[in-house]
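Now for the letters of each chain:
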Amino acid sequence: MPHYEFFCNACKKTFDRILTMAEHDDAEKTVCPRCGSHEVEQRWSAFSAVTSKKSA
Ligand SMILES: [Zn+2]
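Residues numbered from 1 in each chain as written. Predicted model: local features only at pLDDT ≥ 70, side-chain atom pairs only at ≥ 80, totals over all residues. Heavy atoms only, no water.

A.B. asks: I would appreciate a short explanation of unusual backbone geometry in the present structure.
C.D. replies: Phi is mostly negative for residues that are not glycine, and the peptide bonds are mostly trans. Positioned with a positive phi, Lys12 is a non-glycine residue whose angle comes to about 60 degrees. Along the chain, Lys12 falls in the loop between strand E1 (3-8) and strand E2 (13-18). (Helix = DSSP H or I, 4+ residues; strand = E, 2+ residues; numbered from the N terminus.)

Here you go:
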């Protein structure tokens, strides 16, 4: 399944979402799961997939 990484500008955290194609079309409606902010941006982390997965 497609897996997308987002960054929240409000709480400065990244989070992962698994989105279907339809949901991805609505990605602008994605909100931060931590603070509920809409100020999230999608990260294209294909190259830097080395982000620490430990601190989830
Ligand atoms: Zn947030």
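A.B. asks: Would you mind showing me how to read the coordination of the zinc ion here?
C.D. replies: Around a metal, the perfect tetrahedron of four donors has angles of 109.5 degrees, and the perfect octahedron of six donors has angles of 90 or 180 degrees. Bound to the zinc ion are the protein donor atoms Cys8 (SG), Cys11 (SG), Cys32 (SG) and Cys35 (SG), situated 2.3 Å from the metal. One can describe the site at the zinc ion as tetrahedral: its 4 donor atoms subtend angles covering 105 to 123 degrees at the metal. Read in sequence order, the donor residues coordinating the zinc ion give the pattern C-x2-C-x20-C-x2-C. Linking Cys11 in the loop between E1 and E2 with Cys32 in the loop between helix H1 (21-25) and strand E3 (40-43), this pair joins segments that are 21 residues apart in sequence. Its relative accessible area of 25% is what places Cys11 among the partly exposed residues. Note on Cys32: relative accessible area 2%, which makes it buried. (Donors = N, O, S within 2.8 Å, 3.2 Å for Na, K, Ca; no water. Tetrahedral: all angles 85-135°; square planar, octahedral: opposite > 155°, others 65-115°. Buried < 20%, exposed > 50% of the residue type's maximum accessible area, 1.4 Å probe, protein only.)

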